[in-house]
Amino acid sequence: MRMIDLIEKKRDGQPLSNSEIRFFINGFTAGDIPDYQASALLMAIFFQGMSRAETVNLTMAMAESGDMLDLSDITDYAVDKHSSGGVGDKTSLIVLPLVASFGVPIAKMSGRGLGFTGGTLDKLESISGYDANLSETEFRRIARETGIVLAGQSKSMAPADGKIYALRDVTGTVASLPLIASSIMSKKLAAGAGGIVLDVKAGNGSFMKTPGEARALATAMVRIGVDAGRDMVALLSDMNQPLGAAVGNALEVSEAVKTLKGKGPEDIHDHCVEIAAHMLRLAGRGESRTDLTETRHEVDRALRSGDAFEYFGRMVAAHGGDLRQVEDLSRLPQARLRYNLLARDGGFVAAVEADKVAWAALALGAGRSSKEDAIDHAVGIEIHANVGDPVSAGELLMTVHANDDGRLQAALELLADAVKHSAEPVPRLPLFHGVVEGRDM
Ligand code: URA
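Notes on the structure follow. Everything numeric here is computed off the predicted structure, so don't read it as measured data. (Residues numbered from 1 in each chain as written. Predicted model: local features only at pLDDT ≥ 70, side-chain atom pairs only at ≥ 80, totals over all residues. Heavy atoms only, no water.)

**So, the environment of Val273**
Thinking step 1. Among the structural elements, Val273 can be located in helix 12 (residues 266-282).
Thinking step 2. Since its relative accessible area comes to 7%, Val273 is described here as buried.
Thinking step 3. Between the C-alpha atoms of Val273 and Leu93, which are 180 residues apart in sequence, the distance is 13 Å.
Thinking step 4. Every residue in contact with Val273, bar those within four places of it in the chain, is listed here: Arg296, Val299 and Leu303. (Helix = DSSP H or I, 4+ residues; strand = E, 2+ residues; numbered from the N terminus. Buried < 20%, exposed > 50% of the residue type's maximum accessible area, 1.4 Å probe, protein only. Contact = heavy atoms within 4.5 Å.)

This is the structure we're talking about:
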């Protein structure tokens, strides 16, 4: 087989066979296919797209390019979740202990933040001592003994995706539906879960800007999972304003703990109840029910009773984290400076633009511009107003937590027009735009 033939075939709009896709993935991962030929093929895929069969074959080849995690010594059916990335999205911190509190073991590998979106591990590392870099033996031991483990992704999983993503990033081929779907799903399939709930965001604070784009990505990913023999569901959730009231690592841990005790903001509470209910359904809890109403009630009770918080504490302790910081939130990292942003006009909040809030959090030091950057766990933004809220001139809209005057000024410039006002009442934003069910595929 020759790479040039594959490039020409795809360039001319013909589908690639499974053995051709395997030839490309295995050869590129092994270093036998040069970057210039891989780039040309990626660009041809960008323009010509891929069929359902090609996309699943590409995903399986990428998943099988490294270790495939076998979780059968921990549970006979693992459930996982994945968010396509948003602003203030601390859902994993809440939903995973919540689901574990129902006796469903959670053994999850998660990512770090880069650019605009935060990473679950960075948030957890706001807690002193939390060690996310576990060996596979430690990962399995904690999962078995504690019922929940949340650690960094092993470098030996889906190495083809790492190499291809780095090339896409510099060749203008990131924004391709089959390439995004196969990239995300290769890591999910390698992580060993039988059931996967996808949280695909739509809005200015996410990759997909409209519910239509999010549905297309969700459908592509759900199809891949179904064809690979997994139980799948994707929820399409709104990301036009930040999720919850906190953006920034320690601030988000604090909000997650409050939500785990049933005292979080309504939007993040309801969002997490929905995701958890779907995970429990896939895990066989409440499966016989035709709707999730009772499961949602049970999930809500687990938050209010403290059961979910107990599992969060178990997880933090098992990873070596300082439990005193989650029991007394004032012990989490605190920023030196606080700046209150007030409403200039009265009326109604028409927008709290998630992308501007995210760039401001990055300017404060809450995220990374490049992989090597250190992050400041204490800084971030608290948001006191949601779209649709009535507001008076002079009312508190946001509190900016900073450790550096220059960075604070940069963040304030980015936030200057993040909140829009309207003299007329504005409807609240929906939490969800729909569901894509694997069983319908
Ligand atoms: N996230 C991924 O893991 N891969 C993509 O291609 C896009 C987002």
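Picking up after the structure, the text goes on.
**Regarding the pattern of salt bridges**
Thinking step 1. With the rule as written, the count across this model stands at 31 salt bridges.
Thinking step 2. Residue Asp161 pairs with Lys187 through a salt bridge whose shortest N-O separation is 3.0 Å. Taken together, the residues Asp161 in helix 8 (residues 159-169) and Lys187 in helix 9 (residues 177-190) connect sequence positions 26 residues apart.
Thinking step 3. We classify Lys187 as partly exposed; its relative accessible area is 24%.
Thinking step 4. We note a salt bridge from Glu294 to Arg301, for which the minimum N-O separation is 3.3 Å.
Thinking step 5. The structure contains a network of salt bridges with shared partners spanning Asp73, Glu136, Arg140 and Arg144. (Salt bridge = Lys/Arg side-chain N within 4 Å of Asp/Glu carboxyl O.)

**Overview of the site of the ligand**
Thinking step 1. In the vicinity of the ligand, the residues found are Tyr165, Arg168, Ile180, Ser183, Ile184, Lys187 and Phe207.
Thinking step 2. A distance of 2.4 Å is found between an oxygen atom of the ligand and a side-chain nitrogen or oxygen belonging to Lys187.
Thinking step 3. Look at the ligand: alone it shows 240 Å² of surface, and the protein chains cover 81% of it.
Thinking step 4. Counting residues per element, the ones that place at least two in the shell around the ligand are helix 8 and helix 9.
Thinking step 5. Counting residues per element, the shell around the ligand draws most heavily on helix 9, which supplies four residues.
Thinking step 6. By residue class, the composition of the shell around the ligand is four nonpolar, one polar and two charged. (Near = heavy atom within 4 Å. Polar contact = N/O pair within 3.5 Å; in protein donor to acceptor, adjacent residues only side chain to side chain. Areas by Shrake-Rupley, 256 points an atom, 1.4 Å probe, with all protein chains shown as cover. Nonpolar A, V, L, I, M, F, W, Y, C, P; charged D, E, K, R; others polar.)

**Focus: the pairing of strand 3 (residues 148-152)**
Thinking step 1. A large share of strand 3 lies buried, amounting to five of its five residues.
Thinking step 2. Two elements, strand 2 (residues 106-110) and strand 3, share five bridges in a ladder whose sense is parallel. Along strand 3, the bridge assignment pairs Ala107 with Val149. (Pairing = 2+ DSSP bridges.)

**What to know about the nonpolar core**
Thinking step 1. Phe312 and Met398 are the most contacted members of the largest nonpolar core, which has 80 residues in total.
Thinking step 2. Top contributing element to this core by residue count: helix 12, with eight residues.
Thinking step 3. When residues are assigned to domains, this core turns out to be shared by domain 2 (79-326) and domain 3 (335-422), each giving three or more.
Thinking step 4. When near neighbours in sequence (up to four residues on either side) are disregarded, Met398 contacts Tyr339, Asn340, Leu341, Val352, Val357, Ile381, Glu382, Ile383, His384, Leu415, Ala418 and Val419. (Core = buried A, V, L, I, M, F, W, Y, C linked by side-chain atoms within 4.5 Å. Domains from an automatic or database assignment.)

**Some words on the side chain of Lys81**
Thinking step 1. Relative to the assigned elements, Lys81 resides in strand 1 (residues 79-83).
Thinking step 2. Apart from residues lying up to four places away in sequence, Lys81 is in contact with Thr91, Ser92, Val95, Leu96, Lys108, Lys188, Val197, Ile275 and Met279.

**Some points on the packing of aromatic side chains**
Thinking step 1. If you walk through the whole model with that rule in mind, you get two aromatic pairs.
Thinking step 2. On the numbers, 6.0 Å between centres and 20 degrees between planes, the contact of Phe24 with Phe28 is stacked. Here Phe24 and its partner Phe28 are both found in helix 2 (residues 18-30), four residues apart, which amounts to about one turn of the helix. Neither residue differs from the other here; Phe24 and Phe28 are each classed as buried.
Thinking step 3. An angle of 80 degrees between the planes, with centres 5.3 Å apart, marks the rings of Phe46 and Phe47 as edge-to-face.
Thinking step 4. A cation sits over an aromatic face here: Arg314 above Tyr311, 4.2 Å from the ring centre. (Phe/Tyr/Trp six-rings, centres within 6.5 Å; stacked < 30°, edge-to-face > 60°. Lys NZ or Arg CZ within 6 Å of the ring centre and 35° of its normal.)

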